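A look at the structure
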Amino acid sequence: MLTLALQRADWINLAYLTAAVCFIVGLKMLGKVKTAARGNAVSALGMLIAAVTTFFFMTGGTTVSLIWIAIALLIGTAVGLWFALKVPMTNMPQMVGLLNGFGGIASMLVGIGDYANKDGLEWATLVGEVPGLPYQANYFLATALTVLVGGVTFTGSLVAFGKLEGLKITPSRPVQFSWSKPAIAGLLVLCLVLGGLLIAKPAWGWTLAPLAVFALALGILLVIGIGGADMPVVISLLNSYSGIAASMAGFVLRNELLIITGALVGASGIILTKIMCKAMNRSLMNVLFGGVGGVVAQAAGGPKGTHRTVTPEDVAIQLEAAGLVIVVPGYGMAVAQAQHAVAELARLLEARGITMKYAIHPVAGRMPGHMNVLLAEANVPYESMLDLEQANAEFEQAGVALVIGANDVTNPAARHDKASPIYGMPILDVDKARSVVVIKRSMNTGFAGVENELYYLPNCAMLFGDAKAMAQALVTELKSE
Ligand code: NAP
């Protein structure tokens, strides 16, 4: 019997180890555009191994728990499929936000449920009533942290989702009151005290209820005070929190794979948050407590002057004489789904001997890597995609910088206007190209709500219209010649 039990445990550990390796290798592969799709598949395989192993070996063998898990799996798969098919790419940040929230509440419920379900022997083992076994403070610490971090993640993510969806109940502007910061500090202290009480007096299960309520309130207060424009960063941070909560739930359940997976999510979320903050030249503290990023009033003395408009015909002629064209994609290209038309335009120009490159700002669009994914989907070669530094070294040689639905990431005000909310954000120096053509529908502002100085420069011209329609119009012009 003992041999059988050991063999069973060995198989489980082997399967979990394989799944963990798949996650780590998959994550590494996701770091490069070329290997990203395969990396996703490797990670998904790891998750399949993990789920199947847990399902068959770890359920305790009772039919009831298997049925519950099967029902949960079916519902989860159906909702996941619905999300995958219905949610457009541009709404991905909201969707990730919501999924983080689900992760948070799941961990919180695991923490509470596991504590409540301990039988006599398990309890005696934990609290040191079994001779020779010490009191397991780490279990109660992990339970308290699971409830705290899971609760904050849940409500914080719901608020972030609401802000990005434009729900009335969660206004996009930073909602801050004079009492917000003291209340946040007070709630945090209360949560720590309640967690400390649970560790000191493990039998005081009542502490979990107020801890959960205060954690949920803390999540709301923390995120409601942040402006909508900063939500993608907040979502990345909450993604990290959801990983930490899952990792803590792994300690509660003594499930090594959950500990590893949660730690991977926690660490990668923090790294991504740091990258996004750096790309916007903001500190994390400024994002969390700066109250920036709502509907921004244009500073007095903003860009003045007139802008010049051009037609597709004018632009086609300009492009053919450019030598080097650098395409600068942004959120508008994603909304219009213009990537295929842009790729076709590039192929026509390349056939005429023009060199085509793509300048990708780290926060162009609404999520990191947004532009890379779209361009890759349209089979744009990876080698022609330049990052911020590479692109800025090349703009001076470009005959045309063709800005397609990008706005904030090209605004020269970020370099010199200290009053601008985007001051200090590294930008793509498109204004250094010989000429700039901007495709967008109007003179409306971008995500940060500030006017773009670029549009009033003498070397800049506006081609007004939907990004896809205009790219197709340029294709038609080139084909008709
Ligand atoms: P943006 O500044 O939001 O500007 C997008 C522009 O696209 C708009 O000005 C809009 O102008 C135009 N547009 C919208 N629909 C269009 C369509 N169908 N056809 C043509 N144009 C269209 O975009 P961005 O330059 O990509 O900058 C991203 C912004 O998001 C930055 O402020 C960044 O800080 C923020 N952000 C991004 C991330 C991230 O991870 N990527 C994270 C946090 C924050 P019209 O309405 O006139 O067409």
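These lines cover the structure that appears in this document, whether it is placed above or below. (Residues numbered from 1 in each chain as written. Predicted model: local features only at pLDDT ≥ 70, side-chain atom pairs only at ≥ 80, totals over all residues. Heavy atoms only, no water.)

Here we look at the overall build of the protein
Just so we agree on the cut-off: The secondary structure listing takes helices from DSSP runs of H or I that are at least 4 residues long and strands from runs of E that are at least 2 residues long, numbered from the N terminus. Whether two residues are in contact is decided by their heavy atoms: any pair within 4.5 Å suffices. Methods summary: accessible areas were calculated by the Shrake-Rupley approach with a probe of 1.4 Å, and residue burial reflects only the protein chains presented. As used throughout, the charge tally considers Lys and Arg to be positive and Asp and Glu to be negative, leaving His and the chain termini uncounted. Each charge is placed at NZ for Lys, CZ for Arg, CG for Asp and CD for Glu.
Counting its secondary structure elements, the protein contains 18 helices and six strands. Across its three principal directions, the C-alpha atoms of the protein cover 85 × 55 × 35 Å. Contacts in the protein between residues at least 24 apart in sequence constitute 76% of all its contacts with a sequence separation of at least 6. On the protein, roughly 23,100 Å² of surface is accessible, and the fraction owed to carbon and sulfur atoms is 68%. The distance from the centre of the 30 positive side-chain charges to the centre of the 28 negative ones in the protein is 4 Å.

Comments concerning unusual backbone geometry
Positive phi is not limited to glycine here, since Arg254 has a value of about 55°. Mapped onto the elements, Arg254 comes out in the loop between α9 (231-253) and α10 (256-279).

Topic: the pairing of strand β2 (residues 355-359)
Let me state the cut-off plainly: The criterion for strand pairing is that DSSP finds at least two bridges linking the strands in question. The handedness rule is simple: strands pointing away from the viewer, and a clockwise path from the first strand over the helix to the second, make the crossover right-handed.
With four bridges connecting them, strand β1 (residues 324-329) and β2 associate as parallel partners. Across the sheet, residue Ile326 finds its bridge partner in β2, namely Lys357. As judged from the two bridges shared by β2 and strand β3 (residues 385-386), these two strands associate in the parallel manner. Counted as the bridge partner of Tyr358 is Met385 from β3. This β-α-β element, β2 to helix α15 (residues 370-377) to β3, shows right-handed connectivity.

Some points on the pattern of salt bridges
The condition is simple: Criterion for a salt bridge: a side-chain nitrogen of Lys or Arg within 4 Å of a carboxyl oxygen of Asp or Glu.
One pass over the structure, following the stated rule, counts seven salt bridges. Between Glu394 and Lys357 there is a salt bridge, with the nearest N and O atoms lying 3.1 Å from each other. Of the two residues, Glu394 is situated in the loop between α16 (388-392) and β4 (400-404) and Lys357 in strand β2; the sequence distance between them amounts to 37 residues. Here the salt bridges do not stand alone but share partners, grouping Arg415, Asp429, Asp431 and Lys432 into one network.

Re the sheet that holds strand β6 (residues 460-464)
Read from one edge of the open sheet, six strands run β3-β2-β1-β4-β5-β6, paired in parallel fashion. A single partner strand is all that each edge strand has here, and the edge strands are β3 and β6.

Notes on the site of the ligand
Quick note on the threshold: When we say a residue is near a molecule or strand, we mean one of its heavy atoms is within 4 Å of it. Under the rule applied, a polar contact is a pair of N or O atoms within 3.5 Å (in protein, one hydrogen donor and one hydrogen acceptor; residues adjacent in sequence only if both atoms are side-chain atoms). Ten residue types, Ala, Val, Leu, Ile, Met, Phe, Trp, Tyr, Cys and Pro, are classed as nonpolar, four, Asp, Glu, Lys and Arg, as charged, and the remainder, Gly among them, as polar.
Around the ligand sit 29 residues in total, of which Gly365, Asn407, Asp408, Arg441 and Ser442 are the nearest. The contact in question runs from a nitrogen atom of the ligand to an N or O atom on the backbone of Ala467, over 2.9 Å. Element by element, the count of residues in the shell around the ligand is highest for helix α13 (residues 331-336), at three residues. For the shell around the ligand, the residue count by class is 14 nonpolar, 10 polar and five charged.

A few points about the side chain of His370
Here His370 is to be found in helix α15. Looking at His370, its side chain comes within polar contact range of the main-chain nitrogen of Arg366, at 3.0 Å. Beyond its immediate chain neighbours, meaning those up to four positions away, His370 contacts Met89, Thr90, Ala334, Ala364 and Gly365.

Remarks on the nonpolar core
Condition: Residues belong to one nonpolar core when they are buried, are Ala, Val, Leu, Ile, Met, Phe, Trp, Tyr or Cys, and are joined through side-chain atoms within 4.5 Å. Buried means the residue's accessible area, taken with a 1.4 Å probe over protein chains only, is under 20% of the maximum for its type, while exposed means over 50%, and partly exposed covers the values in between.
The biggest cluster of nonpolar side chains holds 48 residues, and the ones touching the most others in it are Val328, Phe395, Leu428, Val430 and Val438. Counting residues per element, this core draws most heavily on α9, at six residues. If we ignore the near neighbours within four places in the chain, the residues touching Val438 are Val403, Leu454, Tyr455, Cys460, Ala461, Met462 and Leu463.

Things to note about the packing of aromatic side chains
Inclusion rule: Only the six-membered ring of Trp is used, alongside the rings of Phe and Tyr, when aromatic pairs are assigned; centres must lie within 6.5 Å, and planes under 30 degrees apart are stacked while those over 60 apart are edge-to-face, with the rest tilted.
Throughout the structure, instances matching the rule amount to eight aromatic pairs. Both rings, one in Tyr135 and one in Phe140, keep their centres 6.0 Å apart while their planes meet at 25°; by these two values the pair is stacked. Looking at Tyr135, the relative accessible area reads 34%, which means it is partly exposed. An angle of 90° between the planes, with centres 5.1 Å apart, marks the rings of Tyr139 and Phe140 as edge-to-face. Every member of this aromatic cluster is reached through a ring pair, and the members are Tyr115, Trp123, Tyr135, Tyr139 and Phe140.

Section: the packing of helix α6 (residues 137-165) against α9
When two helices pack together, their arrangement is captured by the angle between the axes and the distance separating the axes. The test is simple: Axis geometry follows a simple rule: fit a line to the C-alpha atoms, using only the stretch in contact for helices, then measure angles between N-to-C directions, giving values from 0 to 180 degrees. Angle categories: roughly parallel below 35 degrees, roughly antiparallel above 145, roughly perpendicular from 65 to 115, and oblique for all the rest. By definition, turning the near helix anticlockwise from the far helix through less than a right angle yields a left-handed crossing, and turning it clockwise yields a right-handed one.
Look at α6 against α9: their axes get within 8 Å of each other, and the N-to-C directions meet at 155°. Compared by their axis directions, α6 and α9 come out roughly antiparallel. At the point where α6 passes α9, the crossing takes the left-handed sense. Classifying every residue of the contact of α6 with α9 by side-chain character gives 17 nonpolar, seven polar and one charged.

Notes on the packing of helix α14 (residues 339-351) against helix α18 (residues 467-480)
Where α14 meets α18, the axes come as close as 8 Å, and the angle between the chain directions of the two elements is 25°. Taken together, the axes of α14 and α18 are roughly parallel relative to one another. Of the two elements, α14 crosses α18, and the hand of that crossing is left-handed. Listed contacts from α18 to Ala341, Val342, Glu344, Leu345, Leu348 and Leu349 of α14 are Lys468, Ala471, Gln472, Leu474, Val475, Leu478 and Lys479. Of the residues assigned to the contact of α14 with α18, the class counts are nine nonpolar, one polar and three charged.

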